[in-house]
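# Geometric and topological summary
Listed below, chain by chain, are the residues.
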Amino acid sequence: DAKTTQPNSMESNEEEPVHLPCNHSTISGTDYIHWYRQLPSQGPEYVIHGLTSNVNNRMASLAIAEDRKSSTLILHRATLRDAAVYYCILRPPRAQKLVFGQGTRLTINP
Amino acid sequence: NAGVMQNPRHLVRRRGQEARLRCSPMKGHSHVYWYRQLPEEGLKFMVYLQKENIIDESGMPKERFSAEFPKEGPSILRIQQVVRGDSAAYFCASGDTYSRDIQYFGAGTRLSVL
């Protein structure tokens with residue numbers, strides 16, 4: 001499985017944008033980039049995924065570098081409820097399982 | 001539309017007892033995945049099932065653990081003769097044939113072995 005590298009922790013302030021980076025220099029041409037988050041004492045929650053183009057949904061935006069060796073999850077206006085561990089996951093097209101790394105623990109200050 | 005339901009939310013067992021964890025997938029979903037999260041560790045894939053079939057059990061411990069997803073009823077993760085090292089949070093996720101890219105997770109079962 002291709003490896004991702006994320007900072008262990010990040011901190012931001014409420015109502016400010018948050019940019020969560022992910023490096024994946026060994027990504028293959030067909031790997032999708034998925035983001036999940038896990039709020040305290042809950043199961044993981046799907047956030048967004050993409051292949052090559054930037055993606056937007058109601059939760060976040062995903063910016064993918066042109067060479068696909070890195071990506072950034074963008075929370076446009078963080079709230080206290082966004083405090084969670086964020087996981088960047090590479091997923092081959094027919095793979096069923098998700099391979100979770102250590103993720104980034106995001107703290108939001110009021 | 002109810003989400004993925006796991007029960008019980010908390011389960012306490014003594015060493016040597018059996019633990020049965022249940023997972024009801026989202027309505028219409030025929031794919032179930034089980035993951036385990038040991039204390040202070042990341043989530044690890046255990047097993048992937050479709051109705052009545054185990055598709056991938058590469059993450060299942062070789063002994064004492066089994067999983068099923070019968071034609072009717074929830075998926076069951078069964079741990080026989082539990083040991084303290086089995087204490088963890090067990091998460092179930094479900095997906096369907098058309099949106100297999102996304103896995104929807106339950107709130108988990110927290111197993112404590114005394």
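Structural data are supplied above this passage.
Described below are features of the structure shown in this document. (Residues numbered from 1 in each chain as written. Chains lettered and ligands numbered in written order. Predicted model: local features only at pLDDT ≥ 70, side-chain atom pairs only at ≥ 80, totals over all residues. Heavy atoms only, no water.)

### Things to note about the overall build of chain A
Of regular secondary structure, chain A possesses zero helices and nine strands. For chain A, the C-alpha radius of gyration of 13 Å lies close to 13 Å, the compact-globule estimate for 110 residues. Total accessible area computed for chain A in this model is approximately 5,800 Å², and 46% of it derives from carbon and sulfur atoms. Charge separation in chain A, taken as the distance between the mean sites of 11 positive and 10 negative side-chain charges, equals 9 Å. (Helix = DSSP H or I, 4+ residues; strand = E, 2+ residues; numbered from the N terminus. Rg over C-alpha atoms; globule rule 2.2 N^0.38 Å. Areas by Shrake-Rupley, 256 points an atom, 1.4 Å probe, with all protein chains shown as cover. Lys, Arg positive; Asp, Glu negative; His and termini not counted. Charge placed at Lys NZ, Arg CZ, Asp CG, Glu CD.)

### A closer look at the side chain of His-31 of chain B
All names here are of chain B. As for its placement among the helices and strands, His-31 is situated in strand S4 (residues 31-37). Here His-31 falls in the buried class, since its relative accessible area comes to 3%. At 2.6 Å, the side chain of His-31 and the side chain of Tyr-48 are in polar contact. (Buried < 20%, exposed > 50% of the residue type's maximum accessible area, 1.4 Å probe, protein only. Polar contact = N/O pair within 3.5 Å; in protein donor to acceptor, adjacent residues only side chain to side chain.)

### Here we look at the sheet that holds strand S7 (residues 65-68) of chain B
Residue and element names in this part refer to chain B. The strand order across the open sheet built from four strands is S1-S3-S8-S7, with neighbouring strands paired in antiparallel fashion. In the strand order of this sheet, the two ends are held by strand S1 (5-7) and S7, each with one partner. For this sheet, the mean inter-axis angle between neighbouring strands, taken without regard to orientation, is 15 degrees. Pairing analysis gives three bridges linking S1 to strand S3 (residues 19-24), with the strands arranged antiparallel. Each residue of the ladder has a partner; that of Gln-6, found in S3, is Cys-23. (Pairing = 2+ DSSP bridges. Axes fitted to C-alpha atoms, helices over the stretch in contact; angles between N-to-C directions.)

### With respect to the interface of chain B and chain A
In this complex, chain B contributes 19 residues to the contact, which on the side of chain A involves 17 residues. For the pairing of chain B and chain A, the buried interface totals around 1,500 Å² over both sides, and the portion due to carbon and sulfur atoms is 50%. Broken down by secondary-structure element, the contributors of at least two residues to the side of chain B that touches chain A are S4 and strand S5 (43-50) of chain B. (Contact = heavy atoms within 4.5 Å. Buried area = accessible area lost by both parts, 1.4 Å probe.)

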